[in-house]
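# Geometric and topological summary
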Amino acid sequence: MSEHFRLGVVMDPIDAIKYAKDSTLAMLLAAQARGFVLTYLEQGDLSLRDGVAFGRVRPLTVRADANDWFTLGEPQLEKLGQLDAILMRKDPPFDTEYIYSTYILERAEEQGCLVVNRPQGLRDMNEKVYTAWFPQCCAPTLITRDMKDMESFLAEHGKIVCKPLDGMGGRSIFVLERHDKNVNVVFETLTDYGRRFAITQRYIPDIVQTGDSRVLLIDGEPVPYALARIPSENDNRGNLAAGARGVGRPLNDRDRWLAGQIGPVMAAKGMMFVGLDVIGGFVTEINVTSPTGIRELDKQFGLDIGDLLMQAIERRLRARTSGA
C-alpha cells in the first residue's frame with residue numbers, strides 16, 4: 001500500500017465527467033483505496049513563477065457513487081514539485097494550451113514530481129505520427145501534404161482511410177475507394193489544399209467484424225484483455241464516441257507481439273499508461289494523452305486496471321526513494 005504518497009490529477013472539470021465511463025475516476029478511486037492523498041487541478045490552476053511550477057490545488061475525495069462521486073476542499077497555492085506524482089489526464093484537443101501545460105509539468109518533474117505520462121512524451125508522441133517509429137507494427141501508411149501522393153497511395157491500395165493528424169474521437173475519418181467521386185474534396189479538405197499534413201492508411205477490412213481494439217499498456221506491460229470497439233452498421237469508425245460498441249476480449253498472440261515491440265519503448269520514455277489502437281493485427285494509433293477503456297474492461301472481466309497503474313506508480317516512487 002502507498003505510504004501516503006500525494007497524488008495530483010490535472011483533468012477536465014470533475015463535475016462534468018461521465019461517471020460510468022470515466023477512466024480517470026477509476027484511477028482516482030484505485031489510488032485513494034491504496035492510501036494516496038489526492039489533490040485536484042484543472043489546466044487553469046497551473047502556473048510558473050521564476051521557473052518554479054505551481055498549482056492551485058484542492059484536496060479531493062472520491063466515491064463509487066453515481067450520484068455523488070467527489071468532494072473538493074479549499075484551494076491553496078503549492079509548488080508542484082512537492083507532490084509525489086501527478087496524473088496528466090486533461091482530454092484533447094492537443095492545442096497550444098495543452099503544450100504550455102506540459103512545459104509547466106516538465107518543470108514540476110525536474111523539481112521532484114513523477115508526472116504520468118511524462119510531459120516530453122506527451123509533446124513528442126503525436127498519436128498518429130508516432131506509429132512511424134514502429135513501421136513493423138503498422139499497415140502501409142503515408143503522411144503527406146501532397147494530394148497527388150495521396151491519389152497514388154489510393155491507386156496502389158484500392159481502399160484507404162484518411163484522417164487529420166489532430167483528430168480525436170473519430171472526427172473527420174474518411175474511407176475512400178478508387179472511383180469515389182469525393183476523393184478530391186476529401187484530400188482538399190484534410191490538407192487544406194496542400195497546406196496541412198494528413199495521414200492515409202491502407203483500409204483494414206477486419207474492422208467490420210472484429211473492430212478497432214484498444215490494448216492498454218501499464219508501464220510497458222499489456223493488460224490481458226483488449227476492448228474491441230465494433231462500428232455500428234451505418235458507420236466505418238471504431239470509436240465509442242462515434243457510436244461503436246465496446247466488447248472485451250482476451251489478448252491474442254499478435255496483440256502480445258505488438259505490446260512487446262512498443263511497450264518497452266513507452267516505459268523507458270516514462271509513458272506509463274498508453275492505449276494502442278489495433279485493427280486486424282496492425283497498430284493504427286498510439287494514444288498517450290488520455291487513454292480510456294478502463295471502466296468497460298473492469299466491468300466485463302472483474303479487473304481493477306486503475307489499481308494496476310497505481311501499483312506501477314508506487315514501484316517507480318519507491319525506486320526513486322531507494323535510489324534504485
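Just above sits the structure.
This write-up is about the structure you can find in this document. Model, not experiment: these values are computed from the prediction.

All told, the structure shown has one cavity of 30 Å³ or more when counted by the stated rule. There is about 60 Å³ of room inside the largest cavity. Lining of the largest cavity is provided by Met-27, Leu-87, Met-88, Arg-89, Val-116, Asn-117, Leu-122, Phe-273, Val-288, Thr-289 and Leu-309. Considering every element that reaches the lining of the largest cavity, the biggest residue donor is strand E7 (residues 85–89), with three residues. The class makeup of the residues in the lining of the largest cavity is eight nonpolar, two polar and one charged.

The step from Pro-92 to Pro-93 runs through a cis peptide bond, and the omega angle for that step is 25°. Summarising the element assignment, Pro-93 is placed in the loop between E7 and helix H2 (96–110). Cis geometry marks the peptide bond from Val-116 to Asn-117; its omega dihedral reads 0°. If you trace the backbone, Asn-117 turns up in the loop between strand E8 (114–116) and helix H3 (119–124).

What follows deals with the pattern of salt bridges. All told, the structure shown has 20 salt bridges when counted by the stated rule. A salt bridge links Asp-192 to Arg-195; the nearest nitrogen and oxygen atoms lie 3.3 Å apart. Here the salt bridges share partners, and the residues they tie into one network are Arg-34, Asp-307, Glu-314 and Arg-318.

Rules used throughout
Residues numbered from 1 in each chain as written. Predicted model: local features only at pLDDT ≥ 70, side-chain atom pairs only at ≥ 80, totals over all residues. Heavy atoms only, no water. 1 Å grid on protein atoms, 1.4 Å probe; cavity = no way out; pocket = protein on both sides within 12 Å on 5 of 7 lines; lining within 4 Å. Points joined across faces, edges and corners; volume = space filled by probe spheres on them. Helix = DSSP H or I, 4+ residues; strand = E, 2+ residues; numbered from the N terminus. Nonpolar A, V, L, I, M, F, W, Y, C, P; charged D, E, K, R; others polar. Salt bridge = Lys/Arg side-chain N within 4 Å of Asp/Glu carboxyl O.

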